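Examining the three-dimensional arrangement
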Amino acid sequence: MAGKELQIDWLRALVAVVDAGSLSAAAPLLHRSQSAVSTQIQKLEEVVGRPLLLRGPRHLALTTAGTELLAYARRLLDLHGEALAVLTGPALQGRVRLGVPDDYAASYLTPVLRSFCSLQPEVEIALVCEQSTALMPQVQRGELDVALVSRDRPHRGTLLFEEPLVWVGAPQQEAWRRDPLPVAAYEPGSQARRDALAALAAQRRAHRVVYNSSSLAGQLAAVHSGMAVAVLTRCSVPPGLLVLGERHGLPPLPAMQVAVLRSKASRGSAAVDALEQQVIQTLRRPD
């Protein structure tokens, strides 16, 4: 190991790949191409002299060496963030009210908070998980400082990326074969609901809404039970559900535009400034 180094960027790539679940999902978080992320992992493996990841066709797992290095990588990245925070200025303090839909929380909020909390450990985060239709008015009223939302019109907030919408169903029950098609839908006003029903109407596919729920857990329960098919963001589809498409007789769907919103009432807050910038830095994908 003499003369060899574990570079911060390589360690950051390892953590991002593990947290995101794949090289392709980690690439936009790191603002790099998938091949560049793969190269960083390969360089880490060359330094330690052992494989770190087991790459399968549908999954990615850590080797024993990878598991050991991951713990050190997280500690080193935390220390790196703390050192930067101490040397570049006084630690921020305060409270930030952050909103995020529950289908984005696990996939996208986790890397944001991990980076932010290592840099600004004194800032308190008050998290609200609701649908975008509920979060956007709260930002406008100043009840939330920042929110990650599926925006309902162009130019609202700062665009971060586009998230595909997909049809999902339980493979054992095959609800997509029924006529009329049973649909589980989010609350009235939801962009996903409007897009799904509009796509079915354009296809002239007979359908009926048999289940309404404003929560991701409620949508998943309806689908797992075989009661209906549903439309989910691609990032929120759990193992065990089947992503459906035209071969199942279902129409294509538009992507959601995911944006970060900032309340006017929070202008001037350094803590909110820092969190908003962390969201943009972590999640915004290049055009």
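The model shown is predicted, which means the values in this text are computed figures rather than measured ones.

Turning to the state of the cysteines, a few remarks are in order. Applying the stated criterion across every chain, the model contains 0 disulfides. Of the cysteine sulfurs around Cys 117, a residue in no disulfide, the closest is that of Cys 129, at 14 Å. Its sulfur unpaired, Cys 129 is 13 Å from the next cysteine sulfur, which belongs to Cys 235.

On to the environment of Leu 113, then. The topology assignment puts Leu 113 in helix α5 (residues 102-119). When the C-alpha positions of Leu 113 and Leu 275 are compared, they lie 8.7 Å apart, and in sequence the two are 162 residues distant. Sequence-distant contacts of Leu 113, defined by excluding residues within four places in its chain, comprise Leu 98 and Ile 125.

Here we come to the pairing of strand β10 (residues 229-233). For β10, the buried fraction is high: 5 of the 5 residues fall into the buried class. Neither face of β10 is exposed, since Val 229, Val 231 and Thr 233 on one face and Ala 230 and Leu 232 on the opposite face are all buried. The pairing of strand β7 (residues 165-169) with β10 spans 4 bridges and is classified as antiparallel. Each bridged residue has a counterpart across the sheet, and for Val 166 the counterpart in β10 is Leu 232.

In this model, helix α7 (residues 191-203) (13 residues) spans 18 Å end to end at C-alpha, consistent with the 18 Å of a helix rising 1.5 Å per residue. Every buried residue belonging to α7 is among Ala 192, Arg 193, Asp 195, Ala 196, Ala 199 and Leu 200, and all of these are buried. Those residues of α7 hidden inside the fold are in contact with β7, β8 (181-185), β9 (207-212), β10 and β12 (256-262). Between the side-chain oxygen of the N-cap and the backbone nitrogen of Ala 192 there are 3.3 Å, and the N-cap of α7 in question is Ser 190. After α7 finishes, the residue Arg 204 shows a positive phi value of roughly 60°.

This structure, assessed with the given rule, holds 11 salt bridges. Residue Arg 141 pairs with Glu 143 through a salt bridge whose shortest N-O separation is 2.8 Å. What you see here is one network of salt bridges that share partners, running through Asp 9, Arg 12 and Arg 32.

A rise of 1.5 Å per residue sets the reference length of helix α9 (residues 270-283), with its 14 residues, at 20 Å; its end C-alpha atoms lie 20 Å apart and thus fit the reference within 8%. Residues of α9 that are buried include every one of Ala 271, Val 272, Leu 275, Glu 276, Gln 278, Val 279, Ile 280, Thr 282 and Leu 283, and no others.

Another point: unusual backbone geometry. Cis geometry is adopted by the peptide bond preceding Pro 180, which originates at Asp 179 and carries an omega value of 0°. Along the chain, Pro 180 falls in the loop between β7 and β8. Unusually for a residue other than glycine, His 31 sits at a positive phi of about 60°. Looking at the secondary structure, you find His 31 in the loop between α2 (23-30) and α3 (34-48). In this model, His 155 sits at a positive phi of 75°, which is unusual for a non-glycine residue. Along the chain, His 155 falls in the loop between β5 (146-150) and β6 (158-163).

What counts and how
Residue positions within a chain follow its written sequence, with the count starting from 1. pLDDT decides what is reported in this predicted model: residues at 70 or higher carry local features, side-chain atom pairs at 80 or more are listed and counted, and totals for whole chains, interfaces and linings draw on all residues regardless. The side-chain quantities take in all heavy atoms of the structure and omit both hydrogens and water. The disulfide definition used here is simple: a pair of cysteine sulfur atoms within 2.5 Å. Only runs of H or I of at least four residues qualify as helices and only runs of E of at least two qualify as strands under DSSP, and these elements are numbered from the N terminus. Contacts are assigned to residue pairs that have any heavy atoms within 4.5 Å of one another. Three exposure classes are used, based on accessible area relative to the maximum for each residue type with a 1.4 Å probe and protein chains only: buried under 20%, partly exposed in between, and exposed over 50%. By this definition, two strands are paired if DSSP reports at least two bridges between them. How far a helix is expected to stretch is found by multiplying one less than its residue total by 1.5 Å. In the analysis that follows, any N or O atom pair within 3.5 Å is treated as a polar contact, provided that within protein one partner can donate a hydrogen and the other can accept it, and provided that, for residues neighboring in sequence, both atoms belong to side chains. Should a side-chain nitrogen of Lys or Arg be within 4 Å of a carboxyl oxygen of Asp or Glu, the pair is scored as a salt bridge.

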